[in-house]
Amino acid sequence: EAVAAEWMLEFACCCLCRHFGEGRAAEFRRWRDVAQALIDGLSKIPTHQKKIVYLCQLLIRIENGKNLECCFENDERISPLESALSFWTLLEREEIKLEKRHEDIRRLIQIQIIAVHMENGYFKEAAEVLERLFTDSETDKPLRVKLATVIKSKDPYVPLLQTFSYNLLISKIKSYVELFMKENETNFLIQEATKQVESKGLGATALQNKTVNVTENHKWNLKTKQRFVLSIILLRDMLGRMQNCCLNVDFSLVWMYINCLLGLNSLQNVEKHGDALAFGRRRQRWTYKEDLALKSGIREFGVGNWAKILVHGDFNNRTSVMLKDRWRTL
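Note that the coordinates shown come from a computational prediction; the quantities given were computed from them, not determined experimentally.

Once that is clear, we can look at the packing of aromatic side chains. If you walk through the whole model with that rule in mind, you get five aromatic pairs. Ring plane angle 50° and centroid distance 6.3 Å describe the contact between Tyr54 and Phe87, whose orientation is recorded as tilted. With Tyr54 in helix H3 (residues 50-63) and Phe87 in helix H4 (residues 80-94), the pair connects residues that are 33 residues apart, well separated along the chain. In terms of burial, Tyr54 and Phe87 fall into one category: buried. Arranged with centres 5.0 Å apart and planes meeting at 75°, the rings of Trp88 and Tyr176 form a pair that is edge-to-face. A residue pair is termed long-range when its members are at least 10 positions apart, and Trp88 in helix H4 and Tyr176 in helix H9 (residues 166-183) qualify at 88 residues. Accessibility classification places Trp88 together with Tyr176 in one group, the buried group.

Here we take up the nonpolar core. Core analysis: the biggest nonpolar cluster contains 56 residues, and Leu55, Leu58, Leu59, Ile62, Leu147 and Leu169 have the highest contact counts within it. Tallying contributions element by element places helix H5 (residues 100-119) first for this core, with nine residues. Listed in part, the nine residues of the second largest apolar core include Leu294, Ile298, Ile309 and Leu323.

A word on a nonpolar patch on the surface. Together, Val303, Trp327 and Leu330 give the surface a local cluster of nonpolar side chains, amounting to about 280 Å² of exposed area. Mapped onto the secondary structure, Val303 falls in the loop between helix H16 (288-301) and helix H17 (306-312). Residue classification places Val303 among the exposed residues on the basis of a relative accessible area of 56%.

A separate point is unusual backbone geometry. Despite not being glycine, Lys154 has its phi angle at roughly 55°, a positive value. With respect to the helices and strands, Lys154 occurs in the loop between helix H7 (141-153) and helix H8 (159-163).

Applying the stated criterion across every chain, the model contains 17 salt bridges. Across the pair Asp33 and Arg32 runs a salt bridge, and its minimum N-O distance is 3.2 Å. An identical accessibility class is assigned to Asp33 and Arg32; each is buried. Salt bridges linked by common partners bring Arg29, Arg32, Asp33 and Glu63 together as one network.

Here a disulfide denotes one covalent bond, and it connects the sulfur atoms of two cysteines. Overall, the coordinates contain zero disulfides when judged by the stated rule. Free cysteine Cys13: the closest other cysteine sulfur is in Cys56, separated by 3.8 Å. Free cysteine: Cys71, not disulfide-bonded; nearest cysteine sulfur from Cys70 at 7.5 Å.

Moving on, we get to the packing of helix H1 (residues 2-22) against H9. Running from N to C, H1 and H9 cross one another at 140°; their axes reach a closest spacing of 10 Å. On the basis of the axis angle, H1 is oblique to H9. The chirality of how H1 crosses H9 is left-handed. Between H1 and H9, the contacting residues are Cys13, Cys14, Cys17, Phe20 and Gly21 on the first element and Ile170, Ile173, Lys174, Val177, Phe180 and Met181 on the second. Along the lines of polarity and charge, the residues of the contact of H1 with H9 split into nine nonpolar, one polar and one charged.

Basis of the calculations
- Residues numbered from 1 in each chain as written.
- Predicted model: local features only at pLDDT ≥ 70, side-chain atom pairs only at ≥ 80, totals over all residues.
- Heavy atoms only, no water.
- Phe/Tyr/Trp six-rings, centres within 6.5 Å; stacked < 30°, edge-to-face > 60°.
- Helix = DSSP H or I, 4+ residues; strand = E, 2+ residues; numbered from the N terminus.
- Buried < 20%, exposed > 50% of the residue type's maximum accessible area, 1.4 Å probe, protein only.
- Core = buried A, V, L, I, M, F, W, Y, C linked by side-chain atoms within 4.5 Å.
- Patch = residues over 30% accessible without salt bridge, like charges linked within 9 Å, V, L, I, M, F, W, Y side chains within 5 Å.
- Areas by Shrake-Rupley, 256 points an atom, 1.4 Å probe, with all protein chains shown as cover.
- Salt bridge = Lys/Arg side-chain N within 4 Å of Asp/Glu carboxyl O.
- Disulfide = S-S within 2.5 Å.
- Axes fitted to C-alpha atoms, helices over the stretch in contact; angles between N-to-C directions.
- Parallel < 35°, antiparallel > 145°, perpendicular 65-115°, else oblique.
- Left-handed = near helix turned anticlockwise from the far one by under 90°.
- Contact = heavy atoms within 4.5 Å.
- Nonpolar A, V, L, I, M, F, W, Y, C, P; charged D, E, K, R; others polar.

Here it is as structure tokens:
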């Protein structure tokens, strides 16, 4: 489960980054909930995944940056952007080399924390935030003095705040995310599988080379094709379920799906019914026994819980989408 959770978290982070960059709010919120559930399930953040966790938390808070009613910390005074700043600080610590881009984003977040408070008419709170954000260091002093003057003016539309706008902050964060995605463009499953093989002292290099050759030549054997198609079908059903009730996901089902993806479960079923799982599969008539299993499952788990009904019922190579369609027909 720990290994599977790492794969899922990396995938969720990639989805968050992509949807944040493309401005897809609904999709971002869906994957935000998935990522948050996975992060909450971690007893300890693995060292190699710290950047992923910090980036997810940063993006979640930036997305809610202008909503002062939203609170991520125990202290209600801490706004989403101030919370985001703490995760940006953690991200900076994970960087091997700090660049000007990092400093620019830090300054933008600091300025926008003040700006958002002023836009909402919270001038006293803006002054309190200024005291929390800035130390007495000489490097912070010029900006601290400028922001103190801005707060006294009680004008949220002064040139300083307009120049270092929220849109500019979003643009800079998107640039950082794009670079992060390029630097972390990897095949997670192959990476983790190679680590597992190496830890057992097996031929990791041979495994990696063999996989690369298969990928390059597109010479997939039947079993690989079957497993790939099943992966798509199961992942689609799982994400459909997550979209409907993201925070109430039965994660035991997630692990079952992942096992199927990895060929650890239901592989014999794939081999037996490979043709039925191929694209453009043959339609199978629903049997009386399957209809009874469907009705029984609905009585036990309720309409909409198709994944649970599928797991606990006796069905002939069906998916949760098929169960939903059949129930609509009935």
